[in-house]
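# What the coordinates show
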Amino acid sequence: MSLSHRAGYVVGVLIALLALVCQARVHSHGRFVRTEGTRFVVHGSDFVFNGFNSYWMMHVAAEPSERHKVSNTLREAVGAGLSVCRTWAFSDGGDRALQISPGVYDERVFQALDFVISEASRDGIRLILSFVNNFKDYGGHQQYVEWARNAGVNVNGEDDFYTNPTMKEYYKNHVKKVTTRLNTVTKIAYKDDPTIMAWELMNEPRCQADSSGRMVNGWVQEMASFVKSLDNKHLLEIGMEGFYGDYMPEKKVNNPGYQVGTDFITNNLIKEIDFTTIHAYPDIWLSGQNDSAQMAFMQRWMETHSIDSNRILKKPLVLAEFGKSNKDSGHSLGARDQYLITVYESMNKFERTGEGIGGSLVW
């Protein structure tokens, strides 16, 4: 979802609610997170995590006087029992850009990302770092399209991002720049740092040119192989919301009434993808329906994907974005808290059936 839609989401999860979440196991932070079947493991022990999204960390840390906001957020997260944070490793063009133009980077902003990683390491928080956005916020793949057009490349539309050789090269260059970066604070290359739990190919890929999911699938296969050629120590995920496509058409009934050009099954069958993700915003996707209908959808969304991840894909599943907007009609903290309680209780129920969700990241 774009940040304009997310702006009203409340991230302040009460510690009391966290008692309802699957309890995360504590491990040495100096070891990489792996997968064994449908489980996350660290040094052979289960790793079930609670976490959060803070996309803004690098952007804020680019201003040294604001870095305390990053440090305070991470410390508060630890105090609340959260152990994984998902954040952006991109900012393409615009204010405090990491990548000013293709292959041209602002070292000041890169050092801000170094700082974020070093602070997370100090506090024992693992990171999921995303390489690019589907939306225009912080540049997104639209910025890649603009760069290509400015370079004289014939571009028919934004979805050429997935097929155009020039834009694919821009993307690969960025992936290489990030993964091979030597952190100026820790002196550890990103690709060697276990603070990073996983890389994410793209935040919420979508494709209007091909609703089946095949175009995105080709891109995911190419880019997943490329990432693994540079770094085979870290886990890799796509960044998907969980929409079903044409591979198993009977499953499209689980979508909220439409497709977005991805296919949860085929995209995640790619062997280089280590775990699956879903995002869930029924109050946005089903805005015309009442709270009860939206909650019923949320529970089906989680259950269906949990079953498919376990039985078909045989990979761990992460509920990588969920929340409830304070812009919703009739919003109240009580309704927000009840929604989160129900989500966490549902995850606990799935865990007891042996087809659980490996982790959650509240927005």
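Structure first, text after, so check above.
Scope of this entry: the structure provided in the associated data block.

Criteria and cut-off values
Residues numbered from 1 in each chain as written. Predicted model: local features only at pLDDT ≥ 70, side-chain atom pairs only at ≥ 80, totals over all residues. Heavy atoms only, no water. Axes fitted to C-alpha atoms, helices over the stretch in contact; angles between N-to-C directions. Helix = DSSP H or I, 4+ residues; strand = E, 2+ residues; numbered from the N terminus. Parallel < 35°, antiparallel > 145°, perpendicular 65-115°, else oblique. Left-handed = near helix turned anticlockwise from the far one by under 90°. Contact = heavy atoms within 4.5 Å. Nonpolar A, V, L, I, M, F, W, Y, C, P; charged D, E, K, R; others polar. Buried < 20%, exposed > 50% of the residue type's maximum accessible area, 1.4 Å probe, protein only. Pairing = 2+ DSSP bridges. Expected span 1.5 Å × (residues − 1). Phe/Tyr/Trp six-rings, centres within 6.5 Å; stacked < 30°, edge-to-face > 60°.

## Topic: the packing of helix α6 (residues 140-150) against helix α7 (residues 165-179)
At their nearest, the axes of α6 and α7 sit 9 Å apart, and the two run at 120° to each other. Judged on the interaxial angle alone, α7 and α6 are oblique. As α6 runs across α7, the sense of the crossing is right-handed. Residues Y144, V145, W147 and A148 of α6 form the contact with α7, whose participating residues are M167, Y170, Y171 and H174. For the contact of α6 with α7, the per-class residue count stands at seven nonpolar, one polar and no charged.

## Some thoughts on the side chain of D308
Mapped onto the elements, D308 comes out in helix α11 (residues 291-313). Overall, D308 belongs to the buried group, its relative accessible area being 3%. Those residues within four positions of D308 in sequence are excluded, and the remaining contacts are Y244, K251, F264, I265, L313 and K314.

## Points about the sheet that holds strand β9 (residues 196-200)
Across the sheet, which stays open at both edges, the eight strands sit in the order β10-β9-β8-β5-β4-β13-β12-β11 with parallel pairing between neighbours. Each edge of the open sheet is held by one strand with a lone partner, namely β10 (235-237) and β11 (276-280). Each strand axis lies, on average, 25° off the axis of its neighbour in the sheet, ignoring direction. As defined by bridge partners, β11 adjoins strand β12 (residues 317-322) across five bridges and the pair is classed as parallel.

## Brief notes about helix α12 (residues 333-352)
With 20 residues, α12 ought to run about 28 Å at 1.5 Å a step, and its terminal C-alpha atoms sit 29 Å apart, in line with that. G354 sits one or two residues past α12 and shows a positive phi near 85°.

## A word on the packing of aromatic side chains
Considering all chains together, one arrives at 27 aromatic pairs under this definition. Aromatic side chains Y144 and W147 sit 5.5 Å apart centroid to centroid with 55° between the ring planes, which places their arrangement in the tilted category. Here Y144 pairs with W147, and both are found in helix α6, just three residues apart, close to one helical turn. W147 sits in the buried class, given a relative accessible area of 9%. Ring centres 5.5 Å apart and planes at 80° place the aromatic pair F161 and Y162 in the edge-to-face group. For the pair shown, F161 and Y162 are each scored as buried. Site record: aromatic cluster; members linked through ring pairs are F131, Y144, W147, F161, Y162, Y170, Y171, W199 and W219.

## Re the pairing of strand β1 (residues 33-36)
Relative to strand β2 (residues 39-42), β1 runs antiparallel, the two sharing four bridges. Paired with R34 across the two strands is V41, which belongs to β2. With antiparallel pairing between neighbouring strands as the criterion, β1 and β2 make up a hairpin whose turn holds two residues, including G37 at a positive phi of roughly 65°.

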